[in-house]
Amino acid sequence: MAAFLQWRKFVFFDKDTVKDPVDNGKNFVLPSGISACDSGRGHIVLGDMDGKIWLMTRSLQLTSFQAYKLRVTHLYQLKQHSILVSVGQDEHGINPLVKVWNLDKRDSGNPLCTRIFPAIPGNKPTEVSCLSVHENLNFMAIGFTDGSVVLTKGDITRDRHSKTLTLHEGTSPVTGLAFRQVAKVTHLFVATLEKVHCYTLSIKEYPKVELDTHGCALRCSSLADPSQDSQFIVAGDECVYLYQPDERGPCFAFDGHKLLAHWHRGYLFLLIRDAKSPNKPEFGSRESSSSDKQLLTIYDLDNKFIAYSASFDDVIDVVAEWGSFYILTRDGKVFVLQEKDTQTKLEMLFKKNLFVMAINLAKSQHLDSDGLSEIFRQYGDHLYLKGDHDGAIQQYIRTIGKLEPSYVIRKFLDAQRIHNLTAYLQALHRQSLANADHTTLLLNCYTKLKDSSKLEEFIKSSESEVHFDVEIAIKVLRQAGYHSHAVFLAEKHMHHEWYLKIQLEDLKNYQEGLRYIGRLPFEQAESNMKRYGKTLMHHVPEGTTLLLKGLCTNYQPSGDTADKDSLDRGQTNKANSEEFIPIFANNPRELKAFLEHMIEVEPRSPQGVYDTLLELRLQDWAHEQDPERKKVLQGEAVSLLRSDHTVFDKALVLCQMHNFKEGVLYLYEKGKLYQQIMHYHMQNEEYGKVIEACKRYGDQEGCLWEQALGYFARKEEDCKAYISEVLHHIDQNNLMPPLLVVQTLAHNSTATLSVIKDYLINKLQRESQQIEDDERKIRQYREETAHLRSEIQELKTSAKIFQKTKCNMCNSPLELPSVHFLCSHSFHQHCFESYAESEAECPTCTPENRKVMDMLRAQDQKRDLHDHFNRQLRSSNDGFSVVADYFGRGVFNKLTLVTDPPGSKTVGSLEVNLQRDLLIHTKRNC
């Protein structure tokens, strides 16, 4: 039971007297003799003692029609239909009539009466006490003073489609009726002076439930709306009771003699007799009241407060229409109560610091979330100023999503309020509205409070429960020293880099870090090994080497499932082994094992792998003292060089640094650096190797013998045997002029003339022989030249006698006609015409002449090829012969232009022909 004396009173309504719209300044006056009233469908309906029904519009226009001959006793206006049900009398005596009116249809200007029937239970004449109609027009209940209730079922607007039966009988007058419709179940509440019953009309037997053993006075019952679960309200003198169809609900101790009870728009209206001033006239009134004052109180049962309370004189009824409440009094006045808007109500509550009530009111008024959030904020500020930080933070939590979090956080940054701040930040994360700074702050709160349980609960919560920036959380936990929590978070959310950083840098758990990398996908395992490989190699060399071997051959994560393995079986993941060599900087033994494994498994490994392995093998070879072991290491290094996978320059430098003779010589030979081979042997004074190198590579590079001669010539030792062998090869291949040989050997104090005596004698003999051959050819060429000149002169000055008797083509005796040439060839005319390609040339000499002419044209074309001449001159052993050859081609002839005078064509052509014949003759003799 709730005592209304504890409820706060407010003035949430503005009271005004309704003014007459026609006569300004005067109050609106109701018709006299009002006996019943109701409202709905945009009208206030009034019934009077003269049988008229009045309809009042919003503009206060009154219209009436004669409904009964005597009087109207009851009215019921449906809210969802323009149907009005009235009860009245057309004749004297006890004979009430029920009339159903359709206000949308007209009959002679008045609303259409669709049905009339007498309202008597059986044949017993009794007065009607109350009336109720179901909104679906299928039920109508009429209560009587003798305790009877008549139920009309069916279409209440027509006689033909409805049935009437007596539902309830009793001895106590019926004071209230109300239909309750929830889903498809229909109930009828019946209140008498003594009891309260409920009938279930959706069941054929109409079962009855007795809800209470005390009732209420007439007009002191009503039906609440769905906000109060459509309960039946019964207002007794001591309490107000609410009833469900099957039991009694809550009750409220609203004391006083009840005159009227209504439920309008979520409010309970109670009219009680004001006992404080029974017959006391109001101050300043001209006449005293002939009746008691009546107190109208409006209750908000949801929020537990009184919305309005005021005294009135002799109230007829309270009706609700057009968004306001109208109070009708016996003296004809009409008062209107206008409800204040929600914001005004809230401001009134704020001024009194009634924030809880303001929140409840806002919720009942369906205020939007922004409005509610503002109330929560103000309430939180109020509690904060009072020092109730726990209560304040609860209100601030309810503002999350609307209020900027920094507004709240700034208030609770004090160390003494850190637990309040923690609660707010937790709620912020639960609603997924926290940013990185909020996560940092919350974790710092946990660490300051040393609340490990809350911290574990936070980081182990599922993503659907709490959302936060994982990376920020890991950083904060690591900084605060909660490494195990940070590791758990990093592993759970697959932040591999953070996991490894904490394990290796903070916890020094190298074995676990190595195991974790081995479970990662290929790309991440590769990148993390590049980052942490040196650290792991320093502390876990064997395991790290083993993982690198797998990473650079055919990597398979150790934690993968069989299904994933089967999916990735066709794809081979290999890292570049050369990139991991720096990891082994301080671990040469593991590096050598790694590199040897790589070239064994992957022969096509990068060249850097082979170069590094060569360097390691050379280092081992250089430091090895055991001859047998040193020989084995030497063979391994040479075999690596012969694999042709090393970079030539790097390998050569490495071999030279470690003085690895076999490798140096092999690389020189491979690179065709024959002079370097010579110089290497010369530096080591290996005379036999020098001669051997000259024999081996002298054909590819002739200057080796010259260098060998110069080398031995500079030696002070007795090198006659080596010098003789060198001179033999020089003489045999004509590699040096004799004078240069003599000058070279002149620097050797041990070399005597006997060393080069045989060389000089042989050379002079060959030179003498060559001179004799050249002189003989000169004489021969001079004789041939003189002979040719004589022939030319003879051709110029004497006639040519042709004495040929046979044809040079068919070798038959010549017959006329015949063709003779100056070259002494003769032909039958028909043979000449058959075989000759040109009429001006001898068929027998034509092939040879063409060769000569082609040679002349080629020489003429090569005359201007100066670059070609320079190249030949540099590369030739005998430059003089090259110059002589180009002299013969006319390269060095001075170009002269000769302009023949007119009439000299015959002479010019004759000279050309003579030169051509001379050339042909010379070629033939050669």
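One can find the structure itself at the top, above this paragraph.
Note that this is a predicted model, so its numbers are computed, not measured.

Caption draft 1: Geometry of the pairing of strand β5 (residues 43–48). Of all six residues that make up β5, five are buried, and the element is covered over most of its length. Two elements, strand β4 (residues 34–40) and β5, share six bridges in a ladder whose sense is antiparallel. Residue pairing across strands places Gly40 opposite His43, the latter belonging to β5. The turn linking β4 back onto β5 is made up of two residues, and Arg41 within it adopts a positive phi angle of 55°. Both β5 and strand β6 (residues 52–56) contribute to a ladder of four bridges, which runs antiparallel. Across the sheet, Val45 pairs through a bridge with Leu55, a residue of β6. Linkage of β5 to β6, two consecutive antiparallel strands, is achieved through a turn of three residues, within which Gly51 is found at a positive phi near 90°.

Caption draft 2: Spatial organisation of the nonpolar core. Core analysis: the biggest nonpolar cluster contains 126 residues, and Phe13, Tyr396, Tyr424, Leu548 and Leu551 have the highest contact counts within it. Take this core: its biggest share by element is seven residues, from helix α17 (residues 607–623). Once residues lying within four places of it in the same chain are set aside, the contact partners of Tyr424 are Ile393, Tyr396, Ile397, Ile400, Pro405, Val408 and Ile409. Counting residues in each nonpolar core, the second largest holds 30 residues, with Ala178, Ile233, Tyr241 and Tyr299 among its members.

Caption draft 3: Here's a closer look at the environment of Phe832. Of note, Phe832 is situated in helix α27 (residues 829–835). Each C-alpha atom, one on Phe832 and one on Cys842, is 8.6 Å from the other, the two residues being ten residues apart in sequence. What Phe832 contacts, discounting residues up to four positions off in sequence, is Val819, Phe821, Phe827, Ser838, Glu839, Glu841 and Pro843.

Caption draft 4: Quick look at the sheet that holds strand β28 (residues 315–321). Pairing within the open sheet is antiparallel, and its four strands lie in the order β3-β30-β29-β28. A strand with exactly one partner marks an edge of an open sheet, and here the two such strands are β3 (13–17) and β28. Across the sheet, the mean angle from the axis of one strand to that of its neighbour is 20°, orientation sign disregarded. Relative to strand β30 (residues 334–339), strand β29 (residues 324–329) runs antiparallel, the two being bridged by four bridges. Residue pairing in the sheet places Leu328 in a bridge with Val334 of β30.

Caption draft 5: Region of the structure containing a nonpolar patch on the surface. On the surface, Leu795, Phe802 and Leu822 cluster together to form a nonpolar patch covering roughly 260 Å² of accessible area. Within the secondary structure, Leu795 sits in helix α26 (residues 753–797).

Cut-offs applied
Counting restarts for each chain: residues are numbered from 1 in the order of the written sequence. For this predicted model, a pLDDT threshold of at least 70 governs which residues receive local features, and a threshold of 80 or more governs which side-chain atom pairs are given and counted, while totals over whole chains, interfaces and linings are taken from all residues. Side-chain numbers come from the whole structure's heavy atoms, not from hydrogens or water. Burial here depends on accessible area, computed with a 1.4 Å probe over protein chains only, as a share of the maximum for the residue type. Under 20% is buried, over 50% is exposed, and the range in between is partly exposed. Helix and strand labels come from DSSP, where a helix needs a run of H or I of at least four residues and a strand needs a run of E of at least two; each type is numbered from the N terminus. When DSSP finds at least two bridges between two strands, those strands are taken to pair. Among buried residues, the Ala, Val, Leu, Ile, Met, Phe, Trp, Tyr and Cys ones that are joined through side-chain atoms within 4.5 Å form a nonpolar core. Throughout, a contact is declared for two residues whenever any of their heavy atoms are within 4.5 Å. Angular values range over 0 to 180 degrees, each being the angle between N-to-C directions of two axes fitted as lines to C-alpha atoms, with helices fitted over their stretch in contact. What goes into a patch is any residue over 30% in relative accessible area without a salt bridge, connected to like charges within 9 Å or, for nonpolar side chains (Val, Leu, Ile, Met, Phe, Trp, Tyr), within 5 Å. With residues, only the protein chains shown are counted as cover, and all accessible areas are computed by Shrake-Rupley using a 1.4 Å probe. The salt bridge definition used is simple: a Lys or Arg side-chain nitrogen within 4 Å of an Asp or Glu carboxyl oxygen.

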